[in-house]
Amino acid sequence: MPDFKVADLDLAPEGRKLIEWAEAHMPVLMRIRERFAREKPLEGLKVGCCLHVTKETAVLVRTLMAGGADVALCGSNPLSTNDAVAAALVEDGVRVFAWRGQSKDDYYWCIRQVLSHGPRLVHDDGADLIVTLHEERRDLLRGVISGFEETTTGVIRLKAMERDGVLAFPIIAVNEARTKRLFDNRYGTGQSVVDGLMRATNVLLAGKTVVVCGYGWCGRGIAMRARGLGAHVIVCEVDPVKALEAVMDGYQVMPLREAAKVGDIFITATGCEKVIRREHMELMKDGAILANAGHFNVEIWLPDLEELAVRKERVRPCVDAYVLPDGRKLYLLGEGRLVNLVCADGHPPDVMDMSFANQALCAEYAVKHEGELEPRVYLVPEEVDMAVARLKLEALGVRIDELTPEQKAYLESWRLGT
Ligand code: NAI
């Protein structure tokens, strides 16, 4: 058995069942796994992953291992680890350092354990692993072939590192693949955030006013699914184009100070800090529910909520009631962390199939092109994005048309006009 630290190894049989369920719903990644098992593109490579330890991540990890990788894994959020999955992966031979309910110190201890593995490929979600690698383990930087970033917030941080001239190895921004962002961030987050909200509270969405902060890929998905369940949706944005898009998609758009007075449920999906803060909390109705879908727990500004409340009590497993001096209660879900991962199972495997297919194929691409990439943040190669889309269509039994040579020439030509 490898070095590891998880909550309870006895949970492994339950974890194995969860992973098998995910495998049955991730046909693209399973196809890639079969090929990896034959071709061994990652043979002998040490890989470090800092990803939400879910059943879907386990399918990715098993795929990297089928390709010959030696994997160490930690969670990318203190509250998102599925302990049964973590245990099953230890039995698979993965160095897992993850359990649900970590302190900040525990969280970074786990990241450091993954770094001591000496990874040559790093798969990150939020950039904590890659940032810690740059800050604390500079001795390892030269050995890293490439990093891969799963989420919007991580890509923003890594681009900032590139801009500041401190990024030491190439990064492939998996989040930016069309087969990732358009599906995972929109449909995955859309469904799973509503799932988290319902599992945590069991409230009826029909007839409620749901305020969605941020109308990016995640916000669009959340707004769409909340509306589908009969909620009246208000969107709050800072980008005028996105705000206009929300208006034309049929939502009400207004500043958060106005929405604060009428909202029943507030969901942040911005990647920005202090989106819901004291001035908004003071205006909210008794019983308002607050949930965050953004990567870090900074969108609903907890210090303000803590300061404002005279009392706090846990009223359901994922729900804390904050009692204000006038008796109003505001309910915070999942401690302000990613509501879909803390209060539900995270994204469905069907959609993680594409995100993690990109992760696996980008790892293979980076190894094939070792030494050719610069320390920059790269987009996912078009050929990878297209390959994932084709494999997914194939798995869904959907066939599409092809351009004729004549049409191809037409689309590439400037000569033909009116
Ligand atoms: P995006 O960049 O497409 O959208 C973010 C939107 O928020 C933008 O339209 C921006 O103008 C808006 N915004 C920024 N600051 C704001 C503020 N103070 N008030 C109102 N609007 C504001 O990003 P995307 O892909 O939608 O991701 C959003 C967050 O969700 C990121 O932190 C990302 O890492 C995270 N994420 C979470 C997932 C989950 O499973 N819960 C899955 C995918 C992404």
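Scroll up to find the structure this text is about.
Worth saying up front: this structure is predicted, and the values here are computed from it rather than measured.

A. Inspection of the sheet that holds strand β3 (residues 95-97) at higher detail. If you walk across this open sheet you meet the seven strands as β3-β2-β1-β4-β5-β6-β15, and the pairing is parallel. Edge positions in the open sheet fall to β3 and β15 (377-379), since each of these has one partner strand only. Sheet twist, expressed as the average angle between the axes of neighbouring strands with direction ignored, equals 20 degrees. As paired elements, strand β1 (residues 46-50) and strand β4 (residues 121-124) share four bridges and run parallel to each other. Directly across from Cys50, in β4, lies its bridge partner Asp124. In the packing of helix α16 (residues 349-368) onto the sheet, contacts are made with β4, β5 (146-149) and β6 (171-173), and the angle to β5 comes to roughly 160 degrees.

B. Fine view of the side chain of Glu299. Mapped onto the secondary structure, Glu299 falls in the loop between β11 (289-292) and α14 (302-308). Of the side chains with opposite charge, Arg277 lies nearest to the buried Glu299, which makes no salt bridge, at 11 Å. Within the local environment of Glu299, its side chain forms a polar contact with the backbone nitrogen of Gly271, the two atoms lying 2.6 Å apart. Contact partners of Glu299, with chain neighbours within four places excluded, come to Thr268, Ala269, Thr270, Gly271, Cys272, Glu273, Lys274, Val275, Ile276, Asn292 and Gly294.

C. Structural context of the site of the ligand. What surrounds the ligand is a group of 26 residues, the closest being Thr151, Thr152, Thr153, Glu237 and Asn340. The backbone of Cys218 places a nitrogen or oxygen atom 2.9 Å from an oxygen atom of the ligand. For the ligand, an oxygen atom lies 3.0 Å from a polar atom in the backbone of His295. In isolation the ligand exposes 860 Å². Once the protein is present, 86% of that is buried. Put simply, the parts of the chain that give the shell around the ligand at least two residues each are α8 (152-163), α9 (178-201) and α10 (217-228). Along the lines of polarity and charge, the residues of the shell around the ligand split into 10 nonpolar, 13 polar and three charged.

D. Representation of the sheet that holds strand β7 (residues 209-213) in the model. If you walk across this open sheet you meet the eight strands as β9-β8-β7-β10-β11-β14-β13-β12, and the pairing is mixed. Each edge of the open sheet carries a strand with a single partner, namely β9 (252-253) and β12 (311-316). Pairing geometry for β11 and strand β14 (residues 329-333), over two bridges, is parallel. Bridge pairing in β14 places Ile289 opposite Tyr331.

E. Representation of the environment of Leu373. Residue placement: Leu373 occurs in the loop between α16 and β15. When the C-alpha positions of Leu373 and Val90 are compared, they lie 33 Å apart, and in sequence the two are 283 residues distant. Not counting chain neighbours up to four residues away, the residues in contact with Leu373 comprise Pro170, Tyr365 and Tyr378.

F. Representation of the packing of aromatic side chains within the structure. This model, assessed by the stated rule, comprises four aromatic pairs. Seen from their ring centres, Tyr107 and Tyr108 are 5.2 Å apart, and the 90 degrees between their planes marks the pair as edge-to-face. For Tyr107, a relative accessible area of 5% translates into the label buried. A relative accessible area of 22% means that Tyr108 is categorised as partly exposed. Ring plane angle 65 degrees and centroid distance 5.8 Å describe the contact between Tyr215 and Tyr251, whose orientation is recorded as edge-to-face. Remark: Tyr251 occurs in the loop between α11 (240-248) and β9 and Tyr215 occurs in the loop between β7 and α10; sequence separation between them is 36 residues.

G. Broad picture of the packing of helix α1 (residues 12-24) against helix α4 (residues 83-91). At a minimum axis distance of 7 Å, the contact between α1 and α4 shows a crossing angle of 95 degrees. Taken as axis vectors, α1 and α4 run roughly perpendicular relative to one another. Contact residues: Ala12, Glu14, Gly15, Arg16, Leu18 and Ile19 in α1; Ala84, Val85, Ala87, Ala88 and Glu91 in α4. Looking at the contact of α1 with α4, its residues break down into seven nonpolar, one polar and three charged.

H. Expanded view of the pattern of salt bridges. Under the definition given, this model contains 32 salt bridges. Asp345 is paired through a salt bridge with Lys55; the nearest N and O atoms lie 3.9 Å apart. One end of the pair, Asp345, is in the loop between α15 (339-342) and α16; the other, Lys55, is in helix α3 (residues 55-66), with 290 residues separating them in the sequence. Given a relative accessible area of 38%, Asp345 falls into the partly exposed group. Across the salt bridge formed by Arg278 and Glu307, the nearest N and O atoms sit 3.3 Å from each other. Taken together, the positions of Arg278 in helix α13 (residues 278-281) and Glu307 in helix α14 put the pair 29 residues apart, joining distant regions of the chain. Take Arg278: its relative accessible area is 31%, and that puts it in the partly exposed class. Linked through salt bridges whose partners overlap, the residues forming this network are Lys55, Glu56, Asp195, Arg199 and Asp345.

Cut-offs applied
- Residues numbered from 1 in each chain as written.
- Predicted model: local features only at pLDDT ≥ 70, side-chain atom pairs only at ≥ 80, totals over all residues.
- Heavy atoms only, no water.
- Pairing = 2+ DSSP bridges.
- Helix = DSSP H or I, 4+ residues; strand = E, 2+ residues; numbered from the N terminus.
- Axes fitted to C-alpha atoms, helices over the stretch in contact; angles between N-to-C directions.
- Contact = heavy atoms within 4.5 Å.
- Buried < 20%, exposed > 50% of the residue type's maximum accessible area, 1.4 Å probe, protein only.
- Lys, Arg positive; Asp, Glu negative; His and termini not counted.
- Salt bridge = Lys/Arg side-chain N within 4 Å of Asp/Glu carboxyl O.
- Polar contact = N/O pair within 3.5 Å; in protein donor to acceptor, adjacent residues only side chain to side chain.
- Near = heavy atom within 4 Å.
- Areas by Shrake-Rupley, 256 points an atom, 1.4 Å probe, with all protein chains shown as cover.
- Nonpolar A, V, L, I, M, F, W, Y, C, P; charged D, E, K, R; others polar.
- Phe/Tyr/Trp six-rings, centres within 6.5 Å; stacked < 30°, edge-to-face > 60°.
- Parallel < 35°, antiparallel > 145°, perpendicular 65-115°, else oblique.

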